Amino acid sequence: MIRKRQSSERICTSDKIFGTPVIATNWSSNTEFMNPDIACMVGYRFAEIEETAGAYQRRKAEQMKITALIMAGGRGERFWPRSRKNFPKQFLSLTNDGRSMLQLTVDRILPLTAIEDVFIVTNRDYKSLVKEQLPGIPDENILCEPAGRNTAPCIGLGAVHIERRYGDALMMVLPSDHLIKYNSMFLTVLSEACRLAEENTNLITIGITPSYPETGYGYIKFNPEERRGQAFSVERFVEKPDLAVAKEYLETEEYLWNSGMFVWKVSSILKDMELFMKDTWQGLLRIRDAIGTEAQELVLEREFQAFSSVSIDYGVMEKAENIYTVPGTFGWDDVGSWLAIERIRRTNEAGNVVNGNVITINSRNCIIEGTRKLIAAVGLEDLIVVDSDDAMLICEKSSSGDIKKVLENLKICNREEYI
């Protein structure tokens, strides 16, 4: 979204990549603009890329079908006790609109694809939840994994189903449990990714321009000298860094957070899976050939159970040569733990984020998620308090990464009812 600058707005002039000032307003506003600090780093020519997106929409009828694969099989253990085995994180609503993260994921892509072209890969136990939350999704588009085998087999399963139905098609691959603040900016980036993916056999990943030295994300190193449209060639994918290395990445302005969002043609990803994941590819072909037959479920069970657990990054993206990344700044959050609530919702004057039946007295910088019963917080600081019907979490913010250990302990003690 582009508009005339107001006198109160900042102009960012440190655009390293494009050399173009970027208009921005405050992050906490509800408008569709970037925060100044992030805008300074992304350096997008939004007028140019939105023109590209507009042209893309005008040509849409003449191009190949656009489909979407939503990965919705995770457990979301770091969101315990709200995220549970029978109702994981992607089905929760963490925003004020009452929509779950899965529903919001589908909502935001519908300008680019039809609901009947959206495929959901999930756990068998969650099929009924998917149908309940997404009644417009055709039943045959809900693909159930017999077992968790990481993202490469998940994506391959979706690819062969799309290929069987449509032949070749564009395939947007998105996690179901991320939140995006600025949908129009996201669609602009996604449209550009679709355009580039249709060229040759390009594999496109969406990278997030970092706003601080995050140690919890993987990074994408791109080459600013090799540009195709709004995308840059990817030099390598790197694992989660320590703080010192993350600061170095930030200073270079040549690293992006790895969002786990991709766009490619079905033929492109299957070709690279044939090259780099031969055994998985062969199993996927057997699954594809059984689709629509009486043996479909039997073959799926047999082949999928035999797959190695491999991420698409390790299995394909780190080995292929035709990888491009489109940088994006659209208020992305992977909602990896309860700490994300501070980024999603506004804090009050004491730095607290409270929801539900909660009273705070002399408490600062806390995240408190209540239910019906009253929570009175007195003299607390830097704590996470989350209530549910049968369990309560009380945790120092600095220990939020240890919430998984609670579940490990519950499993050891055979207290499955709390998992």
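The structure this text deals with has already been given above.
As a starting point, this report considers the structure included with it. All chains use their own residue numbering, which begins from 1 and follows the written sequence. A pLDDT threshold of at least 70 governs which residues receive local features in this predicted model, and a stricter bar of 80 or more applies before side-chain atom pairs are shown or counted, although totals over entire chains, interfaces and linings include all residues. Side-chain numbers here rest on the full set of heavy atoms in the structure, without hydrogens or water.

### Here's the deal with the overall build of the chain
Secondary structure elements follow DSSP: runs of H or I of four or more residues count as helices, runs of E of two or more count as strands, with numbering from the N terminus. When you go through the chain residue by residue, the secondary structure sums to 13 helices and 19 strands. Only protein chains enter the calculation, and the probe is 1.4 Å; a residue is then buried if its accessible area is under 20% of its type maximum, exposed if over 50%, and partly exposed in between. Of all 419 residues assigned to the chain, the portion counted as buried reaches 53%. By definition, residues are in contact when any of their heavy atoms lie within 4.5 Å. In the chain, of all internal contacts separated by at least 6 residues, the share reaching a separation of at least 24 is 67%. Of the accessible surface of the chain, which amounts to about 18700 Å², a share of 47% is contributed by carbon and sulfur atoms. To be clear on the numbers: accessible area is Shrake-Rupley with a 1.4 Å probe, and residue cover counts the displayed protein chains and nothing else.

### Section: the nonpolar core
In globular proteins that are soluble, nonpolar side chains generally tend to be buried together. Core analysis: the biggest nonpolar cluster contains 49 residues, and I109, I120, M172 and F330 have the highest contact counts within it. Of all the elements, helix α6 (residues 183-197) adds the most residues to this core, at 9 residues. Residue contacts for M172: discarding those within four places in its chain leaves I66, T67, A68, L69, I109, L112, T113, L190, C194, F262 and V263. Each nonpolar core is a collection of buried residues, namely Ala, Val, Leu, Ile, Met, Phe, Trp, Tyr and Cys, held together in the definition by side-chain atoms within 4.5 Å. Counting 42 residues, the second-largest nonpolar core is a separate cluster that includes V160, M273, M277 and L284.

### Some points on the packing of helix α5 (residues 151-166) against helix α9 (residues 278-290)
Each packed pair of helices is defined by two parameters, the angle between the axes and the distance between the axes. To define axes, lines are fitted to C-alpha atoms, for helices over the stretch in contact only, and angles between the resulting N-to-C directions are given on a 0 to 180 degree scale. Contact geometry of α5 with α9 gives a least axis separation of 9 Å together with a crossing angle of 40°. One way to sum up the angle between α5 and α9 is to call them oblique. The interaxial crossing formed by α5 with α9 has right-handed handedness. Every residue of α9 that contacts α5 at P153, G156, L157, V160, E163 and R164 is listed here: L284, I287, R288, D289 and A290. Three classes are used: nonpolar for Ala, Val, Leu, Ile, Met, Phe, Trp, Tyr, Cys and Pro, charged for Asp, Glu, Lys and Arg, and polar for all others, with Gly counted as polar. Along the lines of polarity and charge, the residues of the contact of α5 with α9 split into 6 nonpolar, 1 polar and 4 charged. For classification purposes, an angle smaller than 35 degrees is called roughly parallel, one larger than 145 roughly antiparallel, one from 65 to 115 roughly perpendicular, and anything else oblique. When the near helix sits turned anticlockwise from the far one by under a right angle, the crossing is termed left-handed; a clockwise turn instead gives a right-handed crossing.

### Here's the deal with empty space enclosed by the protein
Residues are called lining when one of their atoms sits within 4 Å of a cavity or pocket point, these points coming from a 1 Å grid over the protein atoms alone, where a cavity is a set in which a 1.4 Å probe fits but cannot get out and a pocket is an open set with protein on both sides within 12 Å along at least five of seven lines. Grid points are joined across faces, edges and corners, and a volume is the space filled by probe spheres set on the points. For the structure shown, the criterion picks out 2 cavities of 30 Å³ or more. Empty space within the second largest cavity amounts to approximately 50 Å³. Along its surface, the second largest cavity is lined by T105, R108, I109, L174, P175, H178, I180, F186 and M261. Of all the elements in the fold, those that place two or more residues in the lining of the second largest cavity are α3 (101-109) and β6 (170-175). It is α3 that provides the largest number of residues to the lining of the second largest cavity, a total of 3 residues. A breakdown of the residues in the lining of the second largest cavity according to their chemical character gives 6 nonpolar, 2 polar and 1 charged.

### Regarding the environment of S337
As for its position among the elements, S337 is in the loop between β13 (332-333) and α12 (341-344). Given a relative accessible area of 14%, S337 falls into the buried group. Expressed as a C-alpha distance, the spacing of S337 and E77, which sit 260 residues apart in the sequence, is 8.7 Å.

### With respect to α5
How far a helix is expected to stretch is found by multiplying one less than its residue total by 1.5 Å. For α5, spanning 16 residues, the distance from its first C-alpha to its last is 22 Å, which sits close to the expected 22 Å at 1.5 Å a residue. Residues of α5 that are buried include every one of A152, P153, C154, I155, G156, L157, G158, A159, V160, H161 and I162, and no others. Following α5 by one or two positions, G167 adopts a phi angle in the positive range, close to 75°.

### Re the environment of K404
By the secondary structure assignment, K404 is in helix α13 (residues 403-412). Sequence separation between K404 and R78 is 326 residues, and the spatial gap between their C-alpha atoms is 5.9 Å.

### Brief notes about the packing of aromatic side chains
Centres within 6.5 Å are what make two rings of Phe, Tyr or Trp a pair, Trp counting through its six-membered ring; a difference in plane orientation under 30 degrees is then read as stacked, over 60 as edge-to-face, and the rest as tilted. Summed over the entire model, instances satisfying the criterion amount to 13 aromatic pairs. With 5.1 Å between their ring centres and 70° between their planes, F186 and F330 make a pair best called edge-to-face. One end of the pair, F186, is in helix α6; the other, F330, is in the loop between β12 (323-328) and β13, with 144 residues separating them in the sequence. Given a relative accessible area of 1%, F330 falls into the buried group. In this structure an aromatic cluster arises from ring pairing among Y212, Y217, W257 and W332. The criterion is that NZ of a Lys, or CZ of an Arg, lies within 6 Å of the ring centre and within 35 degrees of the ring normal, and then a charge sits over that ring. Taking the ring centre of Y255 as reference, the NZ or CZ of K221 above it sits at 5.8 Å. Seen from the ring of Y314, K319 lies directly overhead, with NZ or CZ sitting 4.2 Å from the centre.

### Some thoughts on the pattern of salt bridges
In what follows, salt bridge is the name for a side-chain nitrogen of Lys or Arg lying within 4 Å of a carboxyl oxygen of Asp or Glu. Taken as a whole and judged by the stated rule, the model has 26 salt bridges. Among the ionic pairs, R99 bridges to D107, the shortest N-O distance being 3.0 Å. Residues participating in the shared-partner salt-bridge network are E192, R195, E199 and R228.

### A few points about the sheet that holds strand β16 (residues 367-369)
Paired strands are those between which DSSP finds at least two bridges. Ordered in space as β14-β16-β18-β19, the 4 strands form an open sheet in which the pairing is mixed. The outermost strands of the open sheet, each flanked by one partner alone, are β14 (353-355) and β19 (392-396). For this sheet the average axis-to-axis angle between neighbouring strands, irrespective of direction, equals 5°. With 5 bridges joining them, strand β18 (residues 383-387) and β19 adopt antiparallel strand pairing. Within β19, the residue paired with L383 across the bridge is E396.

### Points about the side chain of Q103
When you line up the elements, Q103 lands in helix α3. Residue Q103 is classed as buried on the basis of its relative accessible area, which comes to 11%.

### Quick word on α9
A rise of 1.5 Å per residue sets the reference length of α9, with its 13 residues, at 18 Å; its end C-alpha atoms lie 19 Å apart and thus fit the reference within 8%. Taken residue by residue, α9 has T280, W281, G283, L284, L285, I287 and A290 as its buried positions. Buried positions along α9 lie against α5, α8 (266-276) and α10 (296-306). G292 lies just past α9 and shows a positive phi near 85°.

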